[in-house]
Amino acid sequence: MNQNCIDKIKYLDKKFSFSRRFGTKGSYEYIYYKLKNISSEISYIFKEDSKNNIQKINKGYEYEKFIGKKYELLNKNVIYYGLENGKKDNGIDLIIEENNAITFVQCKNWVSNEHYKINQKDLRAFIGDCFMYMLNNNINKTHHSHFIVSDEKLLTKSAELYLKENKKLKFKVVPFE
């Protein structure tokens, strides 16, 4: 271990009291060893978390393709807007174009739990995203908004009430096969 490394460990030891925590007063090699092991574990955790996020993103993209194919089976012209634009899709996954109408689709392939619920704000945001898309692209057609999910238990009570009051937004449950 070189002097530069020892100096860095001394600095960290003063700042975070590693000697006291590890019971190794003055043994900078041992502190270095412990920090290296901790660093490896942290790196592994972040790598695993990154893999999980990629799997979730792929799962979402696969669901978008699945739903898009369902519209294509109905002879609809489907633009895979979310797949083409990634995170810059502005909340719109699919755009279905017809002669005198346009349909915006948001797809959610979530499993219901306390962390993943669709609330009224999510539904309102989607309607706003659709409106902004039409405004920004000078579209003056009849439009529809479809919010499609893979699990029927994803809605909060406020979202259920909002959907009952708002007939412009169609909510559908389409399990991912």
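The preceding data block contains the structure.
Now for a description of the structure that goes with this document. (Residues numbered from 1 in each chain as written. Predicted model: local features only at pLDDT ≥ 70, side-chain atom pairs only at ≥ 80, totals over all residues. Heavy atoms only, no water.)

1. A few points about a nonpolar patch on the surface
- Taken together, the side chains of Phe131, Met132 and Leu135 make up a nonpolar region of the molecular surface, amounting to roughly 310 Å² of accessible area.
- As for its placement among the helices and strands, Met132 is situated in helix α5 (residues 120–136).
- Look at Met132 and you get partly exposed, because its relative accessible area is 40%. (Patch = residues over 30% accessible without salt bridge, like charges linked within 9 Å, V, L, I, M, F, W, Y side chains within 5 Å. Areas by Shrake-Rupley, 256 points an atom, 1.4 Å probe, with all protein chains shown as cover. Salt bridge = Lys/Arg side-chain N within 4 Å of Asp/Glu carboxyl O. Helix = DSSP H or I, 4+ residues; strand = E, 2+ residues; numbered from the N terminus. Buried < 20%, exposed > 50% of the residue type's maximum accessible area, 1.4 Å probe, protein only.)

2. Quick look at the side chain of His146
- Topologically, His146 is positioned in strand β4 (residues 142–149).
- Dropping the residues within four chain positions of it, His146 is found in contact with Tyr71, Thr103, Phe104, Val105, Gln106, Phe126, Leu169, Lys170 and Lys172. (Contact = heavy atoms within 4.5 Å.)

3. Points about the pairing of strand β3 (residues 101–108)
- Counting buried residues along β3, seven of its eight residues qualify, which places the element largely inside the surrounding structure.
- Note that strand β2 (residues 94–97) and β3 share four bridges and pair antiparallel. Of the residues in β3, the one forming a bridge with Ile96 is Thr103.
- Linking two consecutive strands that pair antiparallel, namely β2 and β3, is a turn of three residues.
- Pairing between β3 and β4: eight bridges, direction parallel. Counted as the bridge partner of Gln106 is Phe147 from β4.
- This β-α-β element, β3 to α5 to β4, shows right-handed connectivity. (Pairing = 2+ DSSP bridges. Right-handed = clockwise from strand over helix to strand, strands pointing away.)

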